[in-house]
Amino acid sequence: MIGGDDVVIIGAPRSGTNMLRDVLTALPGYATWPCDEINLTWRHGNRAFPSDELQAIHATPKVVNYLRSRFDKIRQKTGARGVVEKTCANSLRVEFVHRVKPDARYLFITRDGLDAAASAMARWNAPLDLGYTASKVRFVPPTDLGFYGARFTANLVQKRRFMSERQAVGWWGPKPRDWRELSRTRPLDEVCLLQWQRCVEVAHRGLVSIPKDQVLHLSYEAFVRDPRAGLRDVLTFLERDDLYEEAAISSVSASSIGKGRASLDHESQSRLSAMGRTTLERLGYGG
């Protein structure tokens, strides 16, 4: 079973992917994993690849069958008609994901890059949340636990030894192909802005290869300002207008719009805006 009712949410970190997943899974017939993301599940069979930018060629028959079985397991366990998935690193490997889920619908959500980058900075050096980590470990393929356990420990030790508010220590979130160089040569705010930009641009290029009737581009700001209209647009795209429920959007708030930009000083805003100008302007955010 491939799953024509499955929904894959594509978006950079801190861009509304969690919000959108929670809205959809509050509706009857949709379910997801009982954890935030399943990046290490997606990387099964390609765990040694140096970044999250897996290509279509990496979706071997064995990998495809394994990943489809994970979706089917959630479907069977919950009785859901559609499974919703929102791992942010998938924005760096859309064509790979499409090989696995060729009949899924894709929701591409984008947010002002400066808001997203500032929010990511807060997450980057946040204290370890054992409950959050444990919930994700449950879905790491057993044969990969030793491999990732060693990497996780090394990353944690590095962060504790060299924690910095201005420098990227270790790594958090999706890994573009140049993540090591970015971590070594850029301050944290630039790393977060460039991570956002890489995710958006790589996703955009990958989504072009998917039939247009399978892709819907959403603005985070537009959705949270008018969640009723936003949800109706999504359900029309999914051909499930009958599922609309006001309760699904009861916790959606526009209070975070502009919050990240406001937390940055003038110099940082100017520098980051210049770095991301091409992408920001293409998305309608200005420089």
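First, a word on what this report is: a plain description of the structure on this page. (Residues numbered from 1 in each chain as written. Predicted model: local features only at pLDDT ≥ 70, side-chain atom pairs only at ≥ 80, totals over all residues. Heavy atoms only, no water.)

### As for the pairing of strand 5 (residues 215-219)
Now for step 1: Burial of strand 5 is one-sided: the residues Leu216 and Leu218 facing one way are buried, the residues Val215, His217 and Ser219 facing the other way are not.
Now for step 2: Of the strand pairs in this sheet, strand 4 (residues 105-110) and strand 5 are connected by five bridges, and their pairing is parallel. In the sheet register, Tyr106 faces strand 5, and the bridge partner there is Val215. (Buried < 20%, exposed > 50% of the residue type's maximum accessible area, 1.4 Å probe, protein only. Helix = DSSP H or I, 4+ residues; strand = E, 2+ residues; numbered from the N terminus. Pairing = 2+ DSSP bridges.)

### Points about unusual backbone geometry
Now for step 1: Positive phi, normally seen in glycine, also occurs at Arg14, with a value near 60 degrees.
Now for step 2: Here Arg14 is to be found in the loop between strand 1 (7-10) and helix 1 (17-25).
Now for step 3: Assessed through its relative accessible area of 34%, Arg14 is described here as partly exposed.

### Thoughts on the nonpolar core
What tends to happen in soluble globular proteins is that the nonpolar side chains get buried as a cluster.
Now for step 1: Counting 52 residues, the largest nonpolar core has Ile10, Trp33, Trp42, Leu67, Phe96, Tyr106 and Trp196 as its most contacted members.
Now for step 2: Those elements that provide at least two residues to this core are strand 1, helix 3 (61-78), helix 4 (94-100), strand 4, helix 5 (113-124), helix 8 (179-185) and helix 9 (188-207).
Now for step 3: Per-element accounting of this core gives the leading share, 11 residues, to helix 9.
Now for step 4: Beyond its immediate chain neighbours, meaning those up to four positions away, Tyr106 contacts Val8, Ile10, Val97, His98, Lys101, Leu207, Ile210, Gln214, Val215, Leu216 and Phe237.
Now for step 5: Val7, Ile9, Leu218 and Leu243 belong to the second largest nonpolar core, which has 26 residues in total. (Core = buried A, V, L, I, M, F, W, Y, C linked by side-chain atoms within 4.5 Å. Contact = heavy atoms within 4.5 Å.)

### Quick look at the packing of helix 5 against helix 9
In a pair of packed helices, the angle between the axes and the distance between the axes together describe the arrangement.
Now for step 1: Between helix 5 and helix 9, whose axes approach to 8 Å, the crossing angle comes to 125 degrees. It follows that helix 5 is oblique to helix 9 by the angle criterion. The handedness of the crossing between helix 5 and helix 9 is right-handed. Taking contact as the criterion, the partners of Gly113, Leu114, Ala116, Ala117, Ala120, Met121 and Trp124 in helix 5 are, on helix 9, Leu188, Asp189, Val191, Cys192, Leu193, Gln195 and Trp196.
Now for step 2: Looking at the contact of helix 5 with helix 9 residue by residue, the class counts come to 11 nonpolar, two polar and one charged. (Axes fitted to C-alpha atoms, helices over the stretch in contact; angles between N-to-C directions. Parallel < 35°, antiparallel > 145°, perpendicular 65-115°, else oblique. Left-handed = near helix turned anticlockwise from the far one by under 90°. Nonpolar A, V, L, I, M, F, W, Y, C, P; charged D, E, K, R; others polar.)

### With respect to the environment of Ala12
Now for step 1: Among the structural elements, Ala12 can be located in the loop between strand 1 and helix 1.
Now for step 2: For Ala12, a relative accessible area of 2% puts it in the buried group.
Now for step 3: Taking the C-alpha atoms as reference points, Ala12 and Trp196, separated by 184 residues in sequence, lie 5.5 Å from one another.
Now for step 4: Once residues lying within four places of it in the same chain are set aside, the contact partners of Ala12 are Thr17, Cys88, Trp196, Cys199 and Val200.

### Things to note about the pattern of salt bridges
Where charged atoms from two side chains of opposite charge come close, those side chains can pair.
Now for step 1: Under the definition given, this model contains 22 salt bridges.
Now for step 2: Via salt bridges that share partners, Arg21, Asp22, Asp36, Glu37 and Lys86 belong to a single interconnected network. (Salt bridge = Lys/Arg side-chain N within 4 Å of Asp/Glu carboxyl O.)

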